[in-house]
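# Examination of the molecular architecture
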Amino acid sequence: MKTLLLLLVLDLLTCMGKGQDLDKNAVKNVVIQFQDDFNEGSFQNAASYTTADWEHINPNGAISKGRENVLKEVRAVHLAFLKGVHMNIETMEIRFLVPTVAVADVIHLMDDFTTPDHKSHLHERQIKTYVIVKQEGKWLLAHDQNTVIAP
């Protein structure tokens, strides 16, 4: 009987671990989808991986609230000084605050670019925090904030 109980507990733990792995991969895919849209520039797929009330804090500390407002901001900068700029994931750490909320801390390597104030951003690394929530069985980006890592 003890052996059967032990096997049931081990089976349950294995299933829980597999579920967490699936969720972790789904969260990682949200970050990758964001990066793909960033690199493409138009954020044409944002509705498929963001919440309607998505909030975005840019590296200057300005905040946009609501998917439409965020898209207006990010599309504008991608038509201007971020046109053609790509970012690539250097590292990604994901943790679950509760089963339906994950935080991904991601370091992105940025292509070189120059801001409208003529400041060059060369070999820049940014740390971006993504808050990703599970709604109706799907993981979606609810909040992101990025900060330039001081050299």
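Calculation criteria
- Residues numbered from 1 in each chain as written.
- Predicted model: local features only at pLDDT ≥ 70, side-chain atom pairs only at ≥ 80, totals over all residues.
- Heavy atoms only, no water.
- Helix = DSSP H or I, 4+ residues; strand = E, 2+ residues; numbered from the N terminus.
- Buried < 20%, exposed > 50% of the residue type's maximum accessible area, 1.4 Å probe, protein only.
- Contact = heavy atoms within 4.5 Å.
- Pairing = 2+ DSSP bridges.
- Axes fitted to C-alpha atoms, helices over the stretch in contact; angles between N-to-C directions.
- Phe/Tyr/Trp six-rings, centres within 6.5 Å; stacked < 30°, edge-to-face > 60°.
- Polar contact = N/O pair within 3.5 Å; in protein donor to acceptor, adjacent residues only side chain to side chain.
- Salt bridge = Lys/Arg side-chain N within 4 Å of Asp/Glu carboxyl O.

### A closer look at the environment of V30
As for its placement among the helices and strands, V30 is situated in helix α1 (residues 2-40). Taking relative accessible area as the criterion, V30 reaches 2% and is therefore assigned buried. Between the alpha carbons of V30 and A104 there is a distance of 9.9 Å; along the sequence they are 74 residues apart. Setting aside anything within four residues of it in sequence, one finds V30 in contact with Y49, I132, W139, L140 and L141.

### Observations regarding the sheet that holds strand β3 (residues 87-98)
Taken in spatial order, the six strands make up an open sheet running β2-β1-β8-β7-β4-β3, and their pairing is mixed. Both edges of this open sheet fall to β2 (63-65) and β3, since each of them pairs with a single strand only. On average, each strand axis in the sheet is inclined to that of its neighbour by 15°, with strand direction left out of account. By the bridge criterion, four bridges tie strand β1 (residues 50-57) to strand β8 (residues 138-148) in an arrangement that is parallel. Bridging from a neighbouring strand, T50 pairs with L141 of β8. Against the sheet, helix α2 (residues 67-79) touches β1 and β2, its axis set at about 45° to β1.

### Let's talk about the packing of aromatic side chains
Following the criterion strictly, the structure yields five aromatic pairs and no others. Taking the centre distance of 5.6 Å and the plane angle of 75° together, the rings of F34 and Y130 count as edge-to-face. Taken together, the residues F34 in helix α1 and Y130 in strand β7 (residues 125-135) connect sequence positions 96 residues apart. Given the relative accessible area of 0%, Y130 is considered buried. Put simply, the rings of F34, F43, W54 and Y130 touch in pairs and so form one group of aromatic residues.

### Things to note about the side chain of D144
Of note, D144 is situated in strand β8. A polar atom in the side chain of D144 sits 2.6 Å from the side chain of H56. With residues up to four places along the chain from it excluded, the contact list for D144 reads F34, W54, E55, H56, I57, K128, T129 and Y130.

### Some points on the pattern of salt bridges
Summed over all chains, the structure comprises four salt bridges. Note that K134 is salt-bridged to D23, the shortest N-O span being 3.2 Å. In this pair, K134 sits in strand β7 while D23 sits in helix α1, placing the two residues 111 residues apart along the sequence. Take K134: its relative accessible area is 30%, and that puts it in the partly exposed class. Of the charged contacts, one joins R125 and E90 as a salt bridge, the two residues approaching to 2.7 Å between their closest N and O atoms. Of this pair, R125 sits in strand β7 while E90 sits in strand β3, and the two are 35 residues apart along the sequence. Classification of R125 by relative accessible area gives partly exposed; the value is 31%. On the basis of relative accessibility, which here comes to 36%, the residue E90 falls in the partly exposed class.

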